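Now for the letters of each chain:
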Amino acid sequence: MPRLVVVTTGGTIATSADAHGVLRPVHRGAALTAGTGAETVDVLNVDSSRLTPADWLTISAAVTAAADGGADGVVVTHGTDSLEETALWLALTYTGSVPVVLTGAARSADSPDADGPGNLRDALAVAASPQAREPGVLICFAGSVFAPLGTTKVGGARLFGGSVLGTVHDGTVSISGRADRPILGAVRDVPRVDIVSAYPGADAVAIDAFVAAGARGLALEAMGAGNAGVPVVDAVRRACDAGVAVVVTTRVPGGRTDAVYGPGHDLVSAGAVMVPRLRTSQARVLLMVALSLGLPVGDVVGRWG
């Protein structure tokens, strides 16, 4: 039997309703994995909206320790609110060969139709499968196996949308899709990167404030194909001139950025880098890792953005 380790961080999969009916993470790894034979490492037990970039380092360290300690596969239980960020962080920074699979739940542990136990069993099956070794880091949810890069929470029955590499059914894993593994390298620190939005009437206040607060990078969620008003473009120019890296995404679900309109062209001329396909949440993570490792942002975005 393969040796599997479950690293727990909280999220809906670990929640039950309190006396007021509010869902809070209360279940630890031993309760989640009962009957599976997996070992557990309780790292955090919080709603994933409360995770910080420093927590990504903690999760990364636990995953690496489990892999280096002889695990054949590692599963990370996680809340769905920010699972896409943690998954991409691990995909970019985890350099090991032991499969790492993230999963969670749409419904609480005390729900009559709780999906956490099934998702966890599926994730353990994927982590134990030789088919999972090449991709490295995967997301397993509702019977589908996703590549982290480009996978985001979209709601609905499947909850996540992205590149589906395979499926799990009754413990049988089938991974037929291929995805390049976007490893950039292990990191030890997390630079400050903030998100700002462009909208009709947006001014320079947010961008200037983040730069003053010490941001090393900004992810600008722009309109349309990557457009913003004149005050935002001017603020981006000042930020880039000050050495702050700026990447541009779109607020359009399923949209892509392209500097084909005047405002988008002006943003690129100001020093910003268009991120063609990643949503803002993951573009921020990609920028953080690139800055931490001192890699050229344009090159990294050109390959993985």
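Residues numbered from 1 in each chain as written. Predicted model: local features only at pLDDT ≥ 70, side-chain atom pairs only at ≥ 80, totals over all residues. Heavy atoms only, no water.

The name given to the protein chain in an unreviewed UniProt entry is asparaginase, and the organism recorded there is Mycolicibacterium anyangense. The record in UniProt for the protein chain states the following under Sequence similarities (unreviewed entry): "Belongs to the asparaginase 1 family." (UniProt positions renumbered as here; feature names shortened; annotations may be inferred.)

Draft legend 1. A look at the overall build of the protein chain. Helix and strand counts for the protein chain come out as nine helices and 16 strands. Within the protein chain, the proportion of its 305 residues that are buried is 52%. Across the protein chain, every contact between residues at least 6 apart in sequence was considered, and the portion connecting residues at least 24 apart equals 69%. Carbon and sulfur atoms form 52% of the exposed surface of the protein chain, whose accessible area is close to 12900 Å². Side chains of the protein chain carry 22 positive and 27 negative charges; the gap between the two charge centres is 2 Å. (Helix = DSSP H or I, 4+ residues; strand = E, 2+ residues; numbered from the N terminus. Buried < 20%, exposed > 50% of the residue type's maximum accessible area, 1.4 Å probe, protein only. Contact = heavy atoms within 4.5 Å. Areas by Shrake-Rupley, 256 points an atom, 1.4 Å probe, with all protein chains shown as cover. Lys, Arg positive; Asp, Glu negative; His and termini not counted. Charge placed at Lys NZ, Arg CZ, Asp CG, Glu CD.)

Draft legend 2. Main features of the sheet that holds strand S7 (residues 137-141). Spatially, eight strands are ordered S4-S1-S5-S6-S7-S8-S11-S12 in an open sheet, and the strand pairing comes out mixed. With one partner strand each, in any of the chains shown, strand S4 (39-46) and strand S12 (172-175) form the two edges of the open sheet. Ignoring which end each strand starts from, the neighbouring axes of this sheet average 20° apart. The sheet contacts of helix H2 (residues 53-68) involve strand S1 (4-10), S4, strand S5 (73-77) and strand S6 (100-103), and relative to S5 the element is tilted by about 155°. Helix H3 (residues 83-93) rests against S6 and S7 of the sheet, and its axis sits at about 175° to S6. (Pairing = 2+ DSSP bridges. Axes fitted to C-alpha atoms, helices over the stretch in contact; angles between N-to-C directions.)

Draft legend 3. Representation of the domain arrangement of the protein chain. Under the domain assignment, the protein chain is made up of domain 1 (4-175) and domain 2 (193-304). Relative placement of domain 1 and domain 2: their C-alpha centres are 30 Å apart. Facing the 13 residues of domain 1 at the interface are eleven residues of domain 2. For the domain 1 and domain 2 pair, buried surface summed over both sides reaches about 1000 Å², with 75% attributable to carbon and sulfur atoms. Linking domain 1 with domain 2 are five residue pairs in polar contact (both at pLDDT 80 or more), by the criterion used here. Within the residue set of the side of domain 1 that touches domain 2, elements represented by two or more residues are H2 and H3. Among the elements that line the side of domain 1 that touches domain 2, the one with the most residues is H3, at six residues. Residues that form the side of domain 1 that touches domain 2 fall into these classes: seven nonpolar, four polar and two charged. (Domains from an automatic or database assignment. Buried area = accessible area lost by both parts, 1.4 Å probe. Polar contact = N/O pair within 3.5 Å; in protein donor to acceptor, adjacent residues only side chain to side chain. Nonpolar A, V, L, I, M, F, W, Y, C, P; charged D, E, K, R; others polar.)

Draft legend 4. View of the packing of helix H5 (residues 205-212) against helix H6 (residues 230-241). Packing of H5 against H6 leaves a shortest axis separation of 9 Å and a crossing angle of 15°. Our classification of the angle between H5 and H6 gives roughly parallel. At the point where H5 passes H6, the crossing takes the right-handed sense. Side by side, H5 and H6 meet where Ile207, Asp208 and Val211 of the first sit next to Val232, Ala235, Val236, Arg238 and Ala239 of the second. (Parallel < 35°, antiparallel > 145°, perpendicular 65-115°, else oblique. Left-handed = near helix turned anticlockwise from the far one by under 90°.)

Draft legend 5. Region of the structure containing the sheet that holds strand S13 (residues 193-197). Spatial strand order, S13-S14-S15-S16: four strands in an open sheet with parallel pairing. The open sheet has two edge strands with one neighbour each: S13 and strand S16 (273-274). In this sheet, strand S14 (residues 217-222) lies alongside S13 in parallel orientation, the contact comprising five bridges. From the neighbouring strand, Asp194 faces S14, where its bridge partner is Leu218.

Draft legend 6. Looking closely at the side chain of Thr86. By the secondary structure assignment, Thr86 is in helix H3. What makes Thr86 buried here is its relative accessible area of 1%. Excluding anything up to four places from it in sequence, Thr86 contacts Leu51, Trp56, Ile59, His78 and Leu102.

Draft legend 7. Summary view of unusual backbone geometry. One non-glycine residue, Ala142, lies in the positive phi region at around 55°. Relative to the helices and strands, Ala142 is located in the loop between S7 and strand S8 (144-146).

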